[in-house]
Amino acid sequence: MAYQGRGLYLEEFEIGKTYESAARTITEADVVNFAGLSGDFNPLHMDEEFGKTNMFGKRIAHGALGLIIATGMSNQTGLYEGTTIAFMELTCKYVAPLCIGDTVHLEMVPTETIHSKKPGRGILKVDAKLVNQEGKVILESPWTLMMKAKS
């Protein structure tokens, strides 16, 4: 039997609806592993004593870690599983620090769908926000994805 994804087709996304992911807590292991993977050992992320002297008063997680976690959370919702053709573009605005111990979730709001001239595909535009346990937005990121379409 062929793989059947559970993702939504372009026409099935509801413009203006908020789709939410499950939450997860940012851990020390997340920060250490991301530093090792990225090579970013900035003391802002890695040095507890340095962190006490910065404007946040503590170490913070890498901003890019938050963005990567956000894209992972989007996939865990199943909305894009088997129906995404390509993640085409994103920009990211870091609004607040991502802290070790924060519990974050992703909110995604489709803003536009554009059918392609080629059948079976189109463009989905989504406003994504990573939000912490206090309801504070950590990052804002408009996304452009090419999705499978029914027509």
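Let me begin by describing the structure that accompanies this report.

How each quantity is defined
- Residues numbered from 1 in each chain as written.
- Predicted model: local features only at pLDDT ≥ 70, side-chain atom pairs only at ≥ 80, totals over all residues.
- Heavy atoms only, no water.
- Helix = DSSP H or I, 4+ residues; strand = E, 2+ residues; numbered from the N terminus.
- Buried < 20%, exposed > 50% of the residue type's maximum accessible area, 1.4 Å probe, protein only.
- Contact = heavy atoms within 4.5 Å.
- Areas by Shrake-Rupley, 256 points an atom, 1.4 Å probe, with all protein chains shown as cover.
- Lys, Arg positive; Asp, Glu negative; His and termini not counted.
- Charge placed at Lys NZ, Arg CZ, Asp CG, Glu CD.
- Core = buried A, V, L, I, M, F, W, Y, C linked by side-chain atoms within 4.5 Å.
- Phe/Tyr/Trp six-rings, centres within 6.5 Å; stacked < 30°, edge-to-face > 60°.
- Salt bridge = Lys/Arg side-chain N within 4 Å of Asp/Glu carboxyl O.
- Disulfide = S-S within 2.5 Å.

**A look at the overall build of the protein**
Of regular secondary structure, the protein possesses four helices and seven strands. Counting from the amino terminus, the protein carries its helices and strands in the arrangement β-β-α-α-α-α-β-β-β-β-β. Taken along the three principal axes of its C-alpha coordinates, the protein extends 55 × 35 × 25 Å. Here the protein holds 151 residues, and the buried ones make up 37% of them. Taking all contacts inside the protein whose residues are at least 6 apart in sequence as the whole, residues at least 24 apart take part in 71%. Element-wise, carbon and sulfur atoms account for 54% of the exposed surface of the protein, whose accessible area totals about 8400 Å². Computed over 15 positive and 18 negative side-chain charges, the inter-centroid distance for the protein is 7 Å.

**Observations concerning the nonpolar core**
One finds Phe13, Tyr80 and Met108 to be the most contacted residues of the largest nonpolar core, which totals 30 residues. Ignoring anything within four residues of it in the chain, the contact list for Phe13 reads Leu8, Tyr19, Leu79, Tyr80, Pro110, Leu124 and Met147.

**Let's talk about the packing of aromatic side chains**
Enumeration according to the criterion identifies three aromatic pairs in this entry. Ring geometry for Phe13 and Tyr19: centres 6.0 Å apart, planes at 70°, overall edge-to-face. Grouping residues by exposure puts Phe13 and Tyr19 together as buried. Arranged with centres 5.7 Å apart and planes meeting at 25°, the rings of Phe13 and Tyr80 form a pair that is stacked. Within this pair, whereas Phe13 is found in the segment before strand 1 (19-20), its partner Tyr80 is found in the loop between helix 4 (63-76) and strand 3 (84-90), the two being separated by 67 residues in sequence. One aromatic cluster is present, built from ring pairs that chain together Phe13, Tyr19 and Tyr80.

**Considerations on the pattern of salt bridges**
Close approach of charged atoms allows side chains with opposite charge to pair. Counting across every chain of the model gives six salt bridges. A salt bridge links Glu81 to Arg6, with the nearest nitrogen and oxygen atoms 2.9 Å apart. With a gap of 75 residues between them, Glu81 in the loop between helix 4 and strand 3 and Arg6 in the segment before strand 1 connect regions that are remote in the sequence. According to the relative accessible area criterion, Glu81 is partly exposed, its value standing at 27%. On the basis of relative accessible area, Arg6 is assigned to the exposed category, the value being 52%. Here Glu28 and Arg59 are joined by a salt bridge, their closest N and O atoms 3.1 Å apart. Taken as a pair, Glu28 in helix 1 (residues 28-38) and Arg59 in the loop between helix 3 (48-53) and helix 4 lie far apart in primary sequence, 31 residues in all. For Glu28, a relative accessible area of 38% puts it in the partly exposed group. A relative accessible area of 8% means that Arg59 is categorised as buried. A network of salt bridges, in which partner residues are shared, links Glu28, Glu48 and Arg59.

**Describing the state of the cysteines**
Counted under the stated rule, the structure contains zero disulfides. Free of any disulfide, Cys92 has its nearest cysteine sulfur in Cys99, 15 Å distant.

Geometry only, nothing functional implied.
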